[in-house]
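If you want the building blocks of each chain, they are given just below.
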Amino acid sequence: YYRTAAILDAFSDESVARLDWNYIAERGSKEIFSSDFAMQYLLAARGYDAEPWQDAAQMEKSAEIPHSGPADAAFKHYGGGFPGGKPTYNLRLNPKDVRLVKDPLPEHRKHYLNCQVCWSLEKYMKKFGSAKCANHIPFKYSDLLIERYKHEWSYMPR
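Predicted model only: the values in this text are computed from it and were never measured.

J.: Whenever I open this one, the overall build of the protein chain confuses me. Can you help?
T.: The helix and strand inventory of the protein chain stands at seven helices and two strands. Secondary structure elements of the protein chain occur, N-terminal to C-terminal, as α-α-α-α-β-β-α-α-α. By its C-alpha atoms, the protein chain is 45 × 40 × 35 Å across when sized along the principal axes. Counting over 158 residues, the protein chain shows a buried share of 24%.

J.: Sorry, what's going on with the side chain of Ser34 here?
T.: When you line up the elements, Ser34 lands in the loop between helix H3 (21–27) and helix H4 (35–45). Judged by its relative accessible area of 15%, Ser34 is buried. Within the structure, the side chain of Ser34 is placed 2.9 Å from the backbone oxygen of Glu31, a separation counted as a polar contact.

J.: Is there a simple way to think about the nonpolar core in this case?
T.: The tendency in soluble globular proteins is for nonpolar side chains to be buried as a group. If you look at the biggest cluster of nonpolar residues, it comprises 12 residues: Leu19, Trp21, Ile24, Ala25, Ile32, Ala38, Leu42, Val117, Tyr141, Leu145, Ile146 and Tyr149. Listing elements by their share of this core, those giving two or more residues are H3, H4 and helix H7 (143–149). When residues no more than four places from it in sequence are discounted, the contact partners of Leu42 are Ala10, Phe11, Ser15, Val16, Leu19 and Trp21.

J.: Would you explain H4 in this entry?
T.: Helical periodicity: at 3.6 residues per turn, an α-helix aligns residues three or four positions apart in one direction. Among all positions of H4, only Ala38, Leu42 and Leu43 are buried. Take H4 and look down its axis: the buried residues cluster within an arc of 125 degrees, on one side only. The first or second residue beyond H4 is Gly47, which carries a positive phi of 95 degrees.

J.: Sorry if this is basic, but what is going on with the layout of surface pockets here?
T.: One simple way to see leftover space: roll a probe sized like a water molecule over the atoms. Considered as a void within the structure, the largest pocket measures approximately 1,500 Å³ in volume. In this structure, the largest pocket is lined by 45 residues; those nearest its centre are Phe33, Cys115, Gln116, Trp119 and Tyr141. Ranked by residue count, the leading element in the lining of the largest pocket is H4, at five residues. Class assignment for the residues of the lining of the largest pocket results in 25 nonpolar, 11 polar and nine charged. Around the second largest pocket, the lining comprises 20 residues; the ones closest to its centre are Gln40, Glu51, Trp53, Ala56 and Phe75.

The rules behind the values
- Counting of residues starts from 1 at the beginning of each chain's written sequence and follows it residue by residue.
- Given that the model is predicted, a residue must reach a pLDDT of at least 70 before its local features are reported, and side-chain atom pairs must reach 80 or more before they are shown or counted; all residues, however, enter totals for whole chains, interfaces and linings.
- Where side-chain values are given, they derive from all heavy atoms of the structure, hydrogens and water being excluded.
- To qualify as a helix, a DSSP run of H or I must reach at least 4 residues; to qualify as a strand, a run of E must reach at least 2; elements of each kind are numbered from the N terminus.
- Accessible area is worked out with a 1.4 Å probe on protein chains only. A residue is then buried under 20% of its type maximum, exposed over 50%, and partly exposed in between.
- N or O atoms closer than or at 3.5 Å make up a polar contact, with two conditions inside protein: a donor-capable atom paired with an acceptor-capable one, and, for residues adjacent in sequence, both atoms drawn from side chains.
- Only buried Ala, Val, Leu, Ile, Met, Phe, Trp, Tyr and Cys residues count toward a nonpolar core, and they belong to the same one when joined by side-chain atoms within 4.5 Å.
- Contact between two residues is taken to exist if any of their heavy atoms lie within 4.5 Å; hydrogens are not considered.
- Along the arc lie the directions from the helix axis toward the C-beta atoms.
- Residues are said to line a cavity or pocket when one of their atoms sits within 4 Å of a point; the points come from a 1 Å grid over protein atoms alone, cavities being sets where a 1.4 Å probe fits but cannot get out and pockets being open sets with protein on both sides within 12 Å along at least five of seven lines.
- Grid points are joined across faces, edges and corners, and a volume is the space filled by probe spheres set on the points.
- Here the term charged refers only to Asp, Glu, Lys and Arg, the term nonpolar to Ala, Val, Leu, Ile, Met, Phe, Trp, Tyr, Cys and Pro, and the term polar to all other amino acids, Gly among them.

Below, the structure written as structure tokens:
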């Protein structure tokens, strides 16, 4: 668990922009942009301890047999390949809470991208008119990453 101050510090727009994400991804892969890696890395980069939790398991292809970690773990992280999808994605709201949320607007749904190398502040601003819900500091993928992953998206972040 982390203090609120640690999270706000490590995940601030400035802290995120301070790291050379291209350098890291060029030596690894696009998965460094996933929250599974990026959140731990950002915390560690700001000097916070980030260690494996012994009572956590990664669930991938089976509900009973973890990919890693103990079968009776207190915390189970479900990967995108989990059969039937991530369990919490299938939870339904309590009927009294339905009025508190709305479905995404059609305009927003048509722009949904599940792509780890497709971020562009410029295009985000054109689509949504504001950077209120996004990092306001521009990021540009290196030419190497654009070349390496161009086959994975139809939307180029240039």
